[in-house]
Each structure stands twice: as structure tokens, then as C-alpha cells.
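Given next are the chains, with one letter for each unit.
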Amino acid sequence: MNKLQKAVNIIITLIVIGLVVDLWRGSLILNKLIDSYESFVFIMAIIGGLLFLYGIILSRRLKKLSEKSVSFDEEDKINEKIDKMYADVTLFHSISMTIFLFLVATGFIILRDTYPGLILIVFGLLVAAFLANLNTYYLAKEIYPERNYPETDDEQFQEKLFEVMDDGEKFITLQAYYKVFQIINPLLAAVIMLASIYSAFTGESQIFSIVFMTIMLIVINTTYILTIRDK
Amino acid sequence: MKSRLKELRAREGLNQTQLAKMANISRQTVSLIEREEYMPSLLIAVRIARIFKEPVENIFIFEEDEL
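What counts and what doesn't
- Residues numbered from 1 in each chain as written.
- Chains lettered and ligands numbered in written order.
- Predicted model: local features only at pLDDT ≥ 70, side-chain atom pairs only at ≥ 80, totals over all residues.
- Heavy atoms only, no water.
- Helix = DSSP H or I, 4+ residues; strand = E, 2+ residues; numbered from the N terminus.
- Buried < 20%, exposed > 50% of the residue type's maximum accessible area, 1.4 Å probe, protein only.
- Contact = heavy atoms within 4.5 Å.
- Areas by Shrake-Rupley, 256 points an atom, 1.4 Å probe, with all protein chains shown as cover.
- Lys, Arg positive; Asp, Glu negative; His and termini not counted.
- Charge placed at Lys NZ, Arg CZ, Asp CG, Glu CD.
- Phe/Tyr/Trp six-rings, centres within 6.5 Å; stacked < 30°, edge-to-face > 60°.
- Core = buried A, V, L, I, M, F, W, Y, C linked by side-chain atoms within 4.5 Å.
- pLDDT = per-residue confidence, 0-100.
- Salt bridge = Lys/Arg side-chain N within 4 Å of Asp/Glu carboxyl O.
- Buried area = accessible area lost by both parts, 1.4 Å probe.
- Polar contact = N/O pair within 3.5 Å; in protein donor to acceptor, adjacent residues only side chain to side chain.

Helix and strand counts for chain A stand at eight helices and zero strands. Listing every helix and strand of chain A by position from the N terminus yields α-α-α-α-α-α-α-α. Residues classed as buried in chain A amount to 28% of the 231 residues present. The long-range fraction of contacts in chain A, counting pairs at least 24 apart against all pairs at least 6 apart in sequence, stands at 63%.

Quick look at the overall build of chain B now. Per the secondary structure count, chain B includes five helices and two strands. Moving toward the C terminus, one meets the helices and strands of chain B in the order β-α-α-α-α-α-β. Along the first, second and third principal axes, the C-alpha atoms of chain B reach 35 × 20 × 20 Å. Restricting to contacts in chain B with at least 6 residues of sequence separation, those with at least 24 account for 55%. With the model as given, the accessible surface of chain B reaches about 3,900 Å², and the carbon-plus-sulfur share is 51%. In chain B, 11 side chains carry a positive charge and 11 a negative one; their mean positions are 11 Å apart.

Further remarks concern the packing of aromatic side chains. Residue and element names in this part refer to chain A. Tallying each qualifying case throughout the model produces nine aromatic pairs over all chains. Look at Tyr86 and Tyr144: their rings are 6.2 Å apart centre to centre, the planes differ by 80°, and that puts the pair in the edge-to-face class. Of this pair, Tyr86 sits in helix 4 (residues 72–111) while Tyr144 sits in the loop between helix 5 (116–143) and helix 6 (157–164); the two residues are 58 residues apart in sequence, bridging distant segments of the chain. Its relative accessible area of 18% is what places Tyr86 among the buried residues. Accessibility expressed as a relative area gives 13% for Tyr144, which makes it buried.

Residue and element names in this part refer to chain B. Within the largest apolar cluster, 20 residues are counted, with the highest numbers of intra-cluster contacts made by Leu5, Ile48, Phe52 and Ile59. Of all the elements in the fold, those that place two or more residues in this core are helix 1 (5–12), helix 2 (16–23), helix 3 (27–34) and helix 4 (42–52). Ranked by residues supplied to this core, first place goes to helix 4 with six residues. Not counting residues within four places of it along the chain, the set of residues in contact with Leu5 comprises Leu19, Val30, Ile33, Glu34, Ile48, Phe52 and Ile59.

Taken over all residues, the pLDDT of chain A has a mean of 88, while the share at 70 or more is 99%. Across chain A, helix 5 of chain A holds the top mean pLDDT of 93, while helix 2 (residues 28–35) of chain A sits lowest at 74.

The next thing to look at is unusual backbone geometry. Residue and element names in this part refer to chain B. Phi is positive for Asn24, close to 60°, though the residue is something other than glycine. Tracing the backbone shows Asn24 in the loop between helix 2 and helix 3. Relative accessible area serves as the criterion here: at 60%, Asn24 is assigned to the exposed category. One non-glycine residue, Lys53, adopts positive backbone phi at about 55°.

Bringing the pattern of salt bridges into the picture now. This model, assessed by the stated rule, comprises twelve salt bridges over all chains. Taken together, the shared-partner salt bridges in this structure form one network comprising B:Arg11, B:Glu12 and B:Glu54.

All right, on to the interface of chain A and chain B then. Contact with chain A, which involves 13 residues of that partner, is made by 18 residues of chain B. Interface area for chain A against chain B, summed over the two sides, is near 1,200 Å², with a carbon-plus-sulfur share of 50%. In this assembly, chain A and chain B are joined by one salt bridge. Between B:Arg27 and A:Asp83 there is a salt bridge, and its shortest N-O distance comes to 2.9 Å. The interface formed by chain A and chain B holds nine residue pairs in polar contact (both at pLDDT 80 or more) in total.

Moving on: the confidence of the model for chain B. Confidence in the prediction for chain B averages 90 pLDDT; 100% of positions are at 70 or higher. Taken over the whole predicted complex, pTM reads 0.81, whereas the ipTM for its chain interfaces reads 0.84.

In C-alpha cells form, the structure reads like this:
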């Protein structure tokens with residue numbers, strides 16, 4: 001586990017512990033946050049916007065770097081840098097899109113009557129981040145011209161995209177997916193329990209989301225097991 | 001499994017990117033094999049062996065207890 005992963009895990013754990021403690025103490029912080037939710041949306045939109053902007057800047061730098069002619073000695077280092085920068089671009093775009101999605105979803109619940117303009121702006125940012133996410137595919141086509149990437153309208157797009165990877169890359173991808181699978185199972189189960197406790201303590205029913213999270217858990221595990229079983 | 005890939009690559013004066021292009025694999029895969037974090041598939045092992053004109057078992061060396 002690298003330093004960035006550790007830092008993200010610590011931040012998420014602290015947020016979850018904070019939310020549980022706050023819930024235990026009568027949701028004082030949560031209620032205060034909801035009372036001035038427009039400020040929270042504004043601050044988070046700026047944070048998401050900065051991450052989005054950094055992703056754009058990074059993708060421009062990446063394009064320039066990939067067009068640069070390099071000497072024999074520095075070729076490997078530059079290519080390694082390109083691989084890492086591309087991963088960073090997708091990471092920044094994906095985090096900013098998730099932040100905007102969260103703000104639109106919660107803002108729509110809390111602020112749709114009082115601050116519809118703010119929600120509309122954040123929705124615009126969500127669309128921009130979504131398009132930037134799509135654009136990372138075309139960026140990959142530009143920086144890895146030797147690879148035979150499928151066209152986006154291809155019926156077997158996902159399958160062909162998987163086949164673009166060589167065995168070593170598939171091995172890395174498998175390790176990453178397995179890690180995600182190991183995280184998502186206990187995490188979803190914990191969130192279901194948390195939503196249940198939240199419903200009981202606050203009287204605000206979370207049954208709708210609990211049902212969907214349970215369905216998600218069943219779908220994920222069934223897909224995983226059936227894929228293995230049928231091979 | 002031990003790999004002599006880095007040594008052979010140096011002998012031939014190739015960098016990882018060049019070897020990757022010749023073997024039709026990614027630079028990341030070359031790097032993984034050199035760091036002995038990934039055991040290449042038979043196909044990749046044969047392609048690499050052909051490039052260096054060496055038998056596969058001279059490039060990828062197994063300990064007796066691994067076999």
C-alpha cells in the first residue's frame with residue numbers, strides 16, 4: 001500500500017468515525033451542516049473544481065510530454081512518468097466527478113427550493129467532469145498510438161478494451177480488482193448496518209437505500225462467483 | 001523464479017521500451033518481470049527468448065522446490 005492510499009484510507013476512516021460519533025451524540029454536527037448546507041456545497045464545489053482543473057492541467061502536460069522526443073537513456077523514465085501521469089489524470093477526474101455527483105444528489109434534496117441556481121451550477125460541473133472522464137479514453141489513444149484501442153461505438157467495446165492489455169497489465173488489473181472486491185464487500189455491509197442504526201436513532205428511514213445496497217451486494221457477489229464457476 | 005532479463009537487456013544495449021516494442025508487450029510488463037513480481041506467460045517468455053537467442057530456461061530460472 002503506497003503513502004497516498006494510506007492517507008486516503010486514514011481520511012475516510014476518520015470521516016466515518018466522526019459521522020458515527022456525531023450520530024451517537026444526536027447528529028449535532030450533521031444538523032449544523034445541513035442548516036448551512038449551501039456553504040458546504042460551495043466549499044466542496046471549489047475543492048472539486050480545483051481537482052478537476054488540476055486534472056485538466058495535468059492532461060495538457062501529459063500530451064506535451066508524450067510528444068517530446070527523448071534520448072535512449074531517458075526513454076524508460078519518461079514512459080514511466082507518462083504512465084503515472086495518465087493514472088493521476090483519471091484519478092483526479094474521477095474524484096472530482098464523484099464530489100460533484102454527491103453535491104448534486106444531496107443538494108437536490110436539501111437546497112432545490114432555496115438555492116436552485118447553485119445546484120444547477122454544480123450540475124454543470126458534473127457534466128463537465130463526466131465529459132473529462134470520457135476524454136481520458138481519447139487521451140490514452142493519443143499518448144499510446146501503438147495500441148489498437150477499439151472504437152467507442154463498437155458493440156464489444158469493453159471486451160476489446162480488455163484485450164488491448166497485455167498479460168502483465170491484466171495481472172496488475174486483476175490485483176487491483178481483487179483489492180477493490182475485498183474492500184467493497186465489508187464496506188457495503190458496514191454501510192448497510194450504519195444506515196440501519198441511523199434510521200433507528202434519527203427516525204429518518206433509510207430503508208430505500210438499504211434495499212438498493214443489499215441488491216448491489218448480491219449482484220456483485222453473484223457476478224463474481226458465477227464468473228469463476230462457469231470457467 | 002529468478003529472471004536474467006535485466007542482465008540480458010544490458011548485454012544487448014536495449015532499454016525497457018525497446019524490448020517491450022520488440023516483444024509486443026508493454027514497458028510495464030518488462031519492468032514487472034525484471035522486478036520478479038510477475039511470472040510471464042509462456043507466449044511472452046518464448047518471444048523474449050527469441051529476441052535474446054537464448055533458451056527460455058536460461059532467462060527464467062526456477063529453484064528446484066518451485067518445480
